[in-house]
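# Analysis of the macromolecular model
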Amino acid sequence: MKIPCLLQLRILKLAFKSLFSRPYTTRFPAEPYEAQKSFRGRPRFSEADCIGCGACAEVCPAECIDVADEAAADPPVRRFVQHMDACIACGQCERYCTTEKGIRLTNEYAFIGFKPADFEEKAAKPLLLCEGCGGAIAPLDQIRWLARRLGPLAFANPTVMLVAHDRLEVVGEGVTPGAETAQRARRISILCPRCRRAAALAV
Ligand code: SF4
Ligand code: SF4
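Residues numbered from 1 in each chain as written. Chains lettered and ligands numbered in written order. Predicted model: local features only at pLDDT ≥ 70, side-chain atom pairs only at ≥ 80, totals over all residues.

With that settled, consider the site of ligand 2. Close to ligand 2 lie 13 residues; Cys60, Cys87, Cys90, Gln92 and Cys93 are nearest. Considered class by class, the residues forming the shell around ligand 2 number ten nonpolar, three polar and no charged. (Near = placed C-beta within 6 Å. Nonpolar A, V, L, I, M, F, W, Y, C, P; charged D, E, K, R; others polar.)

Structure (structure tokens):
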């Protein structure tokens, strides 16, 4: 009879011990499983903390966050679509988010769907338009965030100052798309950089 070697004895010992210890594997999907908090799962936008700046899309190595400005929509809006089916769960978007809380990788790991829309995470932010040319400036929440960060310095820029004064009801009103010149009298209004320059140089 062949005598078992030391390694075989150790394996037998481990096998015997495992009969009476907790299993290392989970019983998912028979039983729900909650991943560790540090697990890098599906990214989710936060409606309250995302300001719509688009930095997450800029740093995404998989280029799976689409950003589109709809200046002609009523109301004007900047839309975000994050495609989970192309995401590599690297966490760059969370790490470099301007507000540090606008997008978070959750511990959701079960991605089940039958169409592309099942793998899309969406966000939409009201867009501030230039009162001169009607072009998009930035999401309102981004300007508000900027005004809070700047404090009194926000008064150096009429656009930021007006938004800081909650003159938000003008968004989408009083815009004259196609206007070629902005007059000096219009300096204290919401303008994109190009129209502000024209207003500053107007005589
Ligand atoms: S606030 Fe964060 S999540 Fe929102 S657009 Fe900017 S970088 Fe992306
Ligand atoms: S986790 Fe990485 S790949 Fe996925 S959306 Fe964020 S930056 Fe892009």
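This is not the end of the story, as more comes after the structure.
Further remarks concern helix H1 (residues 6–18). Here H1 spans 18 Å end to end across 13 residues, near enough to the 18 Å set by a 1.5 Å rise per residue. For H1, a buried count of zero out of 13 residues is recorded, marking the element as mostly open to its surroundings. (Helix = DSSP H or I, 4+ residues; strand = E, 2+ residues; numbered from the N terminus. Expected span 1.5 Å × (residues − 1). Buried ≥ 20, exposed ≤ 12 C-beta atoms within 10 Å, placed from the backbone.)

On to the confidence of the model for the protein chain, then. For the protein chain, mean pLDDT is 87; residues scoring 70 or higher make up 88% of the total. Confidence scores differ between elements of the protein chain, with helix H6 (residues 193–201) showing the lowest mean pLDDT of 87 and helix H2 (residues 55–59) the highest of 98. Below a pLDDT of 50 lies the segment residues 170–175, which in the model reaches twelve contacts outside its immediate sequence neighbourhood of four places, other chains included. (pLDDT = per-residue confidence, 0-100. Contact = placed C-beta atoms within 7 Å.)

Here the focus is helix H4 (residues 140–150). All buried positions along H4 are accounted for by Leu140, Asp141, Gln142, Ile143, Leu146 and Ala147. Packed against the buried residues of H4 are strand S5 (120–129), strand S6 (136–139) and helix H5 (158–164). Following H4 by one or two positions, glycine 151 adopts a phi angle in the positive range, close to 65°.

This part is about the site of ligand 1. Ligand 1 sits among 13 residues. The nearest are Cys50, Cys53, Cys56, Cys97 and Gly102. Its residues assigned to classes, the shell around ligand 1 shows eight nonpolar, five polar and no charged.

With antiparallel pairing, the four strands of this open sheet are ordered in space as S2-S3-S5-S6. Among the strands making up the open sheet, the edge pair consists of strand S2 (65–70) and S6. Neighbour-to-neighbour, the strand axes of the sheet open up by a mean angle of 30°, direction not taken into account. With six bridges connecting them, S2 and strand S3 (residues 77–83) associate as antiparallel partners. Bridge assignment links alanine 68 to a residue of S3, and that residue is arginine 79. Of the strands in this sheet, S5 and S6 touch H4, which is tilted by about 70° from S6. (Pairing = 2+ DSSP bridges. Axes fitted to C-alpha atoms, helices over the stretch in contact; angles between N-to-C directions.)

In summary, soluble globular proteins display a tendency toward joint burial of nonpolar side chains. If you look at the biggest cluster of nonpolar residues, it comprises 21 residues, and the most contacted ones within it are Leu128, Cys130, Ile143, Val163 and Cys195. Broken down by secondary-structure element, the contributors of at least two residues to this core are S5, S6, H4, H5 and H6. Beyond its immediate stretch of four places on either side in the chain, isoleucine 143 contacts Leu128, Ala138, Val160 and Val163. By size, the runner-up hydrophobic cluster in this structure holds twelve residues, among which are Ile51, Ile65, Cys97 and Ala123. (Core = buried A, V, L, I, M, F, W, Y, C linked by C-beta atoms within 7 Å.)

The next point concerns unusual backbone geometry. Following phenylalanine 28, the chain continues to proline 29 via a peptide bond in cis, the omega torsion being 5°. In this structure, proline 29 sits in the loop between H1 and strand S1 (43–45). In this structure, the amide linkage connecting aspartate 74 to the following residue, proline 75, adopts the cis form with an omega of 0°. As for its placement among the helices and strands, proline 75 is situated in the loop between S2 and S3. Here alanine 89, not a glycine, exhibits a phi torsion of approximately 55°, which is positive. Within the secondary structure, alanine 89 sits in the loop between S3 and helix H3 (92–95). On the basis of neighbour counts, which here come to 14 C-beta atoms within 10 Å, the residue alanine 89 falls in the partly exposed class.

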